[in-house]
Amino acid sequence: MMSSKPNSFLQNTAELLSSLLLGLLCVAAIVVSAAPPTVRPPAREAAVFPAHRAVVLPVILSAYTTINGGSQNLLAVSNVAREWGSYGLLGKVYPGTERLPVVGRMIIPEPEQLLKVHPDALFVHKQQAEVLRKIGMPGLVEVNFMPRDARKSRQSLWQLVGRATMQGPRVMQLLNWDAAQRRQLAGQLGGIPAAHRPRVLLVHAGRGMWSVPGGYYAMGSSIEEAGGTNLAANFRLNGQINLEQIIALDPDILLLDPNVMMSPYASSHDVSPRDIYNMPECSVLRAVKERRVYELPQHSYTNDAIEDPLLLAWMAEIFHPELPRQLRGVYRAAYQQIYGFALSEDDIDRAIFFNENLPSAGYERFRRGAEQ
Amino acid sequence: MRFHWTHKHAGLLTLILFALLLAEMVLSLGLGRFRLHTTEILRVLLHTRLWHAGGTFYDVPWVVVEIIRLPRILMVTLCGVGLALAGATMQGVFRNPLVGPDVVGVSQGASLGGVLAILLGWQPMGIVAMAFGFGLVGLLLAFVLARLAGRTSTLALVLSGIIIGSFFSSFLGLAQYYADPQTQLPGITYWLLGSFASATYQKVTIVAAATLLAGCGLLLLRWRINLFSLNETDAAMLGTNLERLRWIVIAFVVLLVASQVSVSGGVGWVGLIIPHLARMLVGPEHSKLLPASGFLGGIYLLTMDDLARSMASQEIPIGLLTGIVGAPVFAILFWKTQSKGWIHD
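None of the values given here were measured: they were computed from a predicted structure. (Residues numbered from 1 in each chain as written. Chains lettered and ligands numbered in written order. Predicted model: local features only at pLDDT ≥ 70, side-chain atom pairs only at ≥ 80, totals over all residues.)

What follows deals with the overall build of chain A. The number of helices and strands found in chain A is 16 helices and 11 strands. The burial tally for chain A puts 47% of its 372 residues in the buried class. By sequence separation, contacts in chain A at least 24 residues apart represent 65% of the contacts at least 6 residues apart. (Helix = DSSP H or I, 4+ residues; strand = E, 2+ residues; numbered from the N terminus. Buried ≥ 20, exposed ≤ 12 C-beta atoms within 10 Å, placed from the backbone. Contact = placed C-beta atoms within 7 Å.)

Now for the overall build of chain B. When helices and strands are counted, chain B shows 15 helices and 1 strand. Every one of the 345 residues in chain B was classed for burial, and the buried ones make up 52%. Within chain B, counting contacts between residues at least 6 apart in sequence, those at least 24 apart form 77% of the total.

Before going further, it helps to examine the nonpolar core. Of all hydrophobic cores here, the largest spans 202 residues; its most connected members are Val55(A), Val56(A), Phe123(A), Met75(B) and Ala292(B). No other element matches the 20 residues that helix H4 (residues 60-93) of chain B contributes to this core. For this core, the domains that each give at least three residues are domain 1 (54-146) and domain 2 (175-366) of chain A. Residue contacts for Met75(B): discarding those within four places in its chain leaves Phe196(B), Ala199(B), Lys203(B), Val204(B), Val207(B) and Val263(B). (Core = buried A, V, L, I, M, F, W, Y, C linked by C-beta atoms within 7 Å. Domains from an automatic or database assignment.)

What follows concerns the sheet that holds strand S3 (residues 74-77) of chain A. Residues and elements named next belong to chain A. Read from one edge to the other, the open sheet built from 4 strands follows the order S3-S2-S4-S5, with strand pairing classed as parallel. Whereas interior strands pair on both sides, the edge strands pair on one side only; in this sheet they are S3 and strand S5 (140-143). Averaged over all neighbouring strand pairs, the angle between strand axes comes to 20 degrees, with direction disregarded. Direction of pairing for strand S2 (residues 54-56) relative to S3: parallel, over a ladder of 3 bridges. Bridging across to S3, Val 55 finds its partner in Ala 76. (Pairing = 2+ DSSP bridges. Axes fitted to C-alpha atoms, helices over the stretch in contact; angles between N-to-C directions.)

Viewed as axis vectors pointing N to C, helix H1 (residues 9-34) of chain A and helix H2 (residues 10-28) of chain B meet at an angle of 25 degrees, and their least axial separation amounts to 8 Å. By the angle between their directions, the pair H1(A) and H2(B) is classed as roughly parallel. Two packed elements cross with a definite hand, and for H1(A) against H2(B) that hand is left-handed. Contact with H1(A), carried on its side by Leu10(A), Gln11(A), Ala14(A), Glu15(A), Leu17(A), Ser18(A) and Leu21(A), involves Gly11(B), Leu12(B), Thr14(B), Leu15(B) and Phe18(B) of H2(B) and no other residues of that element. When its residues are assigned to classes, the contact of H1(A) with H2(B) shows 7 nonpolar, 4 polar and 1 charged. (Parallel < 35°, antiparallel > 145°, perpendicular 65-115°, else oblique. Left-handed = near helix turned anticlockwise from the far one by under 90°. Nonpolar A, V, L, I, M, F, W, Y, C, P; charged D, E, K, R; others polar.)

Many authors give the size of an interface as the accessible area that is lost as the parts come together. All names here are of chain A. Entries for chain A in the domain assignment read domain 1 (54-146) and domain 2 (175-366). Counting from both sides, the interface comprises 13 residues of domain 1 and, opposite them, 12 residues of domain 2. Ranked by residue count, the leading element in the side of domain 1 that touches domain 2 is helix H4 (residues 89-93), at 4 residues. Residues belonging to the side of domain 1 that touches domain 2 are distributed by class as follows: 9 nonpolar, 3 polar and 1 charged.

Turning our attention to helix H2 (residues 61-68) of chain A. All names here are of chain A. H2 sits mainly inside the fold: 8 of its 8 residues count as buried. Burial in H2 covers these residues: Leu 61, Ser 62, Ala 63, Tyr 64, Thr 65, Thr 66, Ile 67 and Asn 68. Phi turns positive, to about 80 degrees, at Gly 69, one or two residues after H2.

In low-pLDDT segments, the atomic positions of the prediction should not be examined closely. Residues and elements named next belong to chain A. Per-residue confidence for chain A gives a mean pLDDT of 83, with 85% of residues at or over 70. Averaged pLDDT values for the elements of chain A fall to 69 in strand S1 (residues 39-40) and rise to 95 in strand S11 (residues 293-295). Counting interchain partners and residues more than four positions distant, the pLDDT-below-50 stretch residues 1-6 has 12 contacts. Low pLDDT, under 50, characterises residues 262-268; the stretch is placed with 29 contacts to residues that sit more than four places away or in other chains. (pLDDT = per-residue confidence, 0-100.)

All right, on to the environment of Gln326(A) then. Residues and elements named next belong to chain A. Looking at where Gln 326 falls in the secondary structure, it is placed in the loop between helix H13 (304-319) and helix H14 (327-339). Exposure remark for Gln 326: the 16 C-beta atoms within 10 Å place this residue in the partly exposed category. Sequence separation between Gln 326 and Ala 342 is 16 residues, and the spatial gap between their C-alpha atoms is 17 Å.

Take the environment of Ala226(A) next. All names here are of chain A. Considering the arrangement of structural elements, one finds Ala 226 in the loop between helix H9 (218-225) and strand S8 (229-230). Given 23 C-beta atoms within 10 Å, Ala 226 falls into the buried group. Note: C-alpha distance between Ala 226 and Val 103 (123 residues apart in sequence) is 39 Å. Residues contacting Ala 226, with those up to four places away along its chain left out, are Leu 312, Met 315, Ala 316 and Phe 319.

Residues and elements named next belong to chain A. Of note, His 118 is a non-glycine position whose phi angle comes to about 50 degrees, a positive value. A residue is classified by how many C-beta atoms lie within 10 Å of it, and His 118, with 14 of them, is partly exposed. In this model, Met 166 sits at a positive phi of 55 degrees, which is unusual for a non-glycine residue. Residue classification places Met 166 among the exposed positions, given that 12 C-beta atoms sit within 10 Å.

Residue and element names in this part refer to chain A. Burial of the side chains of S5 is restricted to one face: Val 141 and Val 143 are buried, whereas none of Leu 140 and Glu 142 on the reverse face is. For strand S4 (residues 121-125) and S5, the ladder comprises 4 bridges, and the chain directions are parallel. Residue pairing across strands places His 125 opposite Val 143, the latter belonging to S5.

This part covers helix H14 (residues 286-310) of chain B. Its 25 residues give H14(B) an end-to-end C-alpha distance of 35 Å, which sits within 8% of 36 Å, the value for a rise of 1.5 Å per residue. Across the 25 residues that make up H14(B), a large majority, 21, are buried. (Expected span 1.5 Å × (residues − 1).)

What follows is the structure in structure tokens.
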């Protein structure tokens, strides 16, 4: 048995002292934190607009560069913002985005790094802003973009970025363009009876897993707007789905979303339409039998005032092949008008995954030179 | 030979550890991505602490030292002390060197509480409160389950803790599964990996109060914790009700662990490896082991946090570092102590 008595006076004193020191350490910490120092707000607490030295942490870089006309006033961005801000055609339009310095992983702010950078406007997600509020960081622009409420929060996000970049008129112009495109599409689809709307299921596929973006995501309403019926409308949450459920739903059209950000369970481009056609377990699906499995064109979720109308135009032609073949022209016109950028035919092929989708029914309509 | 030396000088060694801890706390104030000269740090500390002066955002050294680094260093130190004390105590109570504070479901409960608060979009103090509350619920459920099974032994409590911990872990997975991948999941993942980046004086107060109460409580009970090496009858003959003592001691441990998880998320391995290291230095007797473990835990976690915030261009979650360092260190300790037995007195 171990001894439970002190060996000597010195030993006992040292042990007692240790306990006292621990207590003292705690008391000192309590005393220090009892009256915490507060940061006196600087004279000009708000962000300086237009921002000349901006930092963007949330995944809204595509909206920022589109409204600002490039990345010229940006000091740095988060790694995720840079990744998604330079994705797809936007990376070609604004190649500087890819080389922007990174100031944080994911979208979590690192105060000391940001103090070093000292931006005059710092875009941060509202839920992650607390750590910066406490140091009195001036120039905070809190973003509250929620994908589940995309249409409404997109408009306020665009207006916020418009104010920060002093590009309010451009924001209005972009939002008007978006509304006009939607009106035009609604006019084209107006005469299509409900019975002729294909039943569509949008999935993320990869690593042997399938998941559906729940019904409240904007993409669900895009399917409806493009003249389809969203089979996942009643799936409230973003989550996994098994093949048996897909077979039970038996969609007319199966859409594969390459944007992995919306699903942690699938990786981008893991599965192409060709792979689905080669899967024996998928052969019973109507969409497979009729070869109506498609990979969605490249798009980002915060640049949807531009990319949503393009996506809608693509969906409408996929869902309703009787519509005129206009997609390539719509892409060219949109990029020319909004970005002053002349898309090459190869750019469009890559954006709409022409080669990946070629084995699917009717995709020949998007071949260069096939426009009406 | 070395063992005799440490036994003889355990008290002195503990005081040296405390001095080292204080020195490291001071040195840590100078570490970080924002480079600061020692004179600037001293100016800020004396200016604020002696003259109670506030500061403005434009005094960047003041913001860095007073608002960012000082609360963080205090919080890391206290969490390290608390986790190591909790680990040393649990290993003594359960007479098992593989036991850590996780075994009674507290950590998993606290993690679930924190994640739920993030999902609900609560503010940081809400996260702390939920984590703390769920940590206590975890322990309570483990105790109730052990009681329902009609057993009050340590084995029954450990098994109940494993069941409750797994149950909470499943809900934790479910919460992550349904989190919004753009807005909530990054925050949850970062929080679960463990980080002291969001340290505030409010959180320091929570951890300090818990450490003062539970840490000092454990130190006052340090002689009695040795009695867990006896069987219940022998302990009763010495006038000690082991079961009641176990409840009190574990309640203190829960307070320490729940307060840590609630302010910084999951930081593993500290409570497992530090008591082993301390045992090698001062021996297994709890009156020496507990204070030595506490100070060593503070030194260890502070070192890990200094590395986490300064070794790479971007901060590394400390829970990853403690895991990467902890597992091999534990493997070495396990290998070294196997030949002697873990008590090796």
